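# Report on the structure
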Amino acid sequence: MYRFFVPVENVFEEEIRITGDDINHIKNVLRMTAGEKVVVSCGQGTDYYCIIEDIQETGITLRIEDMKAAVTELPVRIVLFQALPKLDKMELVIQKAIELGASEVVPVRARRCVVKLDDKKEAKKLVRWQNIAESAAKQSGRGILPEVHGIMDFDQALEYAKELETVMIPYELCETMADSKETMYKAAGQQSIGIFIGPEGGFERSEVELASASGAVPISLGKRILRTETAGLAVLSVLMFLIEWRN
């Protein structure tokens, strides 16, 4: 069944109201009609199994038939801190990170970032990025709507990460695979994880040292140098497997 997200105020005791861009998508793209079934979430971990009752230009009314706790969510909050990459690579990172179970994506300004965004461009990017996150959440059957944060400076990101139980930072000069394995295995059994990924060219050594001083653990991803758009997805893939294996 197709999945849609609605704000919590659109969920009532026996029905749900779909508004906004999804009206056109349901009516004119998917060409759905009354009587067809959909799954709806308000992004708080509950799936509502509904049947379409009425389709109008201003909204779509659904009748709630059943509701269940979402089973597609990882029991661990994972925050991906992604240094701003060039071109449209951030869109790919966000899409795949959400598919792999990330709860939040934080774009980060690191020293070697080439991309510079003013407030107007950043606002447009954030709208685009959040739309990509929502689309990826729908496609992968997520029970929550992951958040793409506003861009943070590196020190702001480190401060935000202090609330997480384990924070790791893949670093090409880290060669201790055994320790890296242990770090990831341990993190998979905790409640929250942060992953810091550098830009093209990687983090500067001083940034890694600052992150380490703030509690982040440098890890190795093997003998190959991964692109910025690949590294975070590699970590998320391993963590997703370990978390679901343990649970």
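Structure report, in brief. (Residues numbered from 1 in each chain as written. Predicted model: local features only at pLDDT ≥ 70, side-chain atom pairs only at ≥ 80, totals over all residues. Heavy atoms only, no water.)

Before going further, it helps to examine the side chain of D22. Within the secondary structure layout, D22 lies in helix 1 (residues 21–29). Taking the relative accessible area as the measure of exposure, D22 reaches 10% and is therefore buried. Residues in contact with D22, not counting those within four places in the same chain, are F4, F5, E134 and K138. (Helix = DSSP H or I, 4+ residues; strand = E, 2+ residues; numbered from the N terminus. Buried < 20%, exposed > 50% of the residue type's maximum accessible area, 1.4 Å probe, protein only. Contact = heavy atoms within 4.5 Å.)

With that settled, the discussion passes to the sheet that holds strand 2 (residues 15–18). Strand order in the open sheet formed by five strands is 1-3-4-5-2, and the pairing between neighbours is mixed. Each edge of the open sheet is held by one strand with a lone partner, namely strand 1 (2–5) and strand 2. Averaged over all adjacent pairs, the angle separating strand axes in this sheet is 40°, with direction ignored. Pairing analysis gives five bridges linking strand 3 (residues 37–41) to strand 4 (residues 46–55), with the strands arranged antiparallel. Each bridged residue has a counterpart across the sheet, and for V39 the counterpart in strand 4 is Y49. The strands touched by helix 1 are strand 1, strand 2, strand 4 and strand 5 (60–69); relative to strand 1, the strand with the most contacts, the crossing angle is about 165°. (Pairing = 2+ DSSP bridges. Axes fitted to C-alpha atoms, helices over the stretch in contact; angles between N-to-C directions.)

A separate point is the packing of helix 2 (residues 89–99) against helix 7 (residues 228–246). Where helix 2 contacts helix 7, the axes come no closer than 9 Å and their chain directions differ by 5°. Compared by their axis directions, helix 2 and helix 7 come out roughly parallel. Side by side, helix 2 and helix 7 meet where K89, L92, V93, K96 and A97 of the first sit next to E229, L233 and L236 of the second. Class assignment of the residues belonging to the contact of helix 2 with helix 7 gives a composition of five nonpolar, no polar and three charged. (Parallel < 35°, antiparallel > 145°, perpendicular 65-115°, else oblique. Nonpolar A, V, L, I, M, F, W, Y, C, P; charged D, E, K, R; others polar.)

To continue, consider the state of the cysteines. Applying the stated criterion across every chain, the model contains zero disulfides. We note that C42 lacks a disulfide partner, and the nearest cysteine sulfur, in C50, lies 11 Å from it. C42 gets classed as buried once you look at its relative accessible area, which sits at 14%. (Disulfide = S-S within 2.5 Å.)

Quick look at the nonpolar core now. If you look at the biggest cluster of nonpolar residues, it comprises 59 residues, and the most contacted ones within it are I78, F81, I94, I193, I195, F196 and L236. Here this core takes seven residues from helix 7, the largest share from any one element. Once you skip the residues sitting within four places of it in the chain, I193 turns out to touch V76, R77, I78, V79, L164, T166, M168, A187, A188, L239 and I243. (Core = buried A, V, L, I, M, F, W, Y, C linked by side-chain atoms within 4.5 Å.)

Let us now look at unusual backbone geometry. Despite not being glycine, R31 shows a phi value in the positive range, around 55°. Positionally, R31 belongs in the loop between helix 1 and strand 3. A positive phi angle, near 55°, is found at L87, a position not held by glycine. For L87, the position within the fold is in the loop between strand 6 (77–83) and helix 2.

This part takes up helix 6 (residues 205–213). Where helix 6 is concerned, the buried positions are E207, V208 and A211. Down the axis of helix 6, the sector holding all buried residues measures 100°, keeping them to one side. Turned more than 90 degrees off the buried face of helix 6, the exposed positions are R205 and A213. Elements that come into contact with the buried residues of helix 6 comprise helix 4 (154–161), strand 10 (166–170) and strand 12 (217–219). Once helix 6 ends, the next one or two residues include G215, with phi positive near 110°. (Arc of directions from axis to C-beta.)

Before going further, it helps to examine the pattern of salt bridges. Within the structure shown, the criterion is met by 20 salt bridges. A salt bridge links K138 to D22; the nearest nitrogen and oxygen atoms lie 2.9 Å apart. With K138 in helix 3 (residues 119–139) and D22 in helix 1, the pair connects residues that are 116 residues apart, well separated along the chain. Put simply, E65 and R63 hold a salt bridge, and the shortest N to O gap is 3.6 Å. Of the residues examined, R63 reaches a relative accessible area of 35% and is grouped as partly exposed. Look at the salt bridges and you will find they share partners, linking K37, E53, R63 and E65 into a network. (Salt bridge = Lys/Arg side-chain N within 4 Å of Asp/Glu carboxyl O.)

Quick look at the pairing of strand 11 (residues 192–197) now. For strand 11, a buried count of six out of six residues is recorded, marking the element as mostly surrounded by other parts of the structure. Judged by which residues are buried, strand 11 turns out to be covered on both faces: S192, G194 and F196 on one side and I193, I195 and I197 on the other are all buried. Read from strand 10 through helix 5 (residues 177–187) to strand 11, the crossover connection turns out right-handed. (Right-handed = clockwise from strand over helix to strand, strands pointing away.)

These results come straight from atomic positions and should not be treated as a statement about function.
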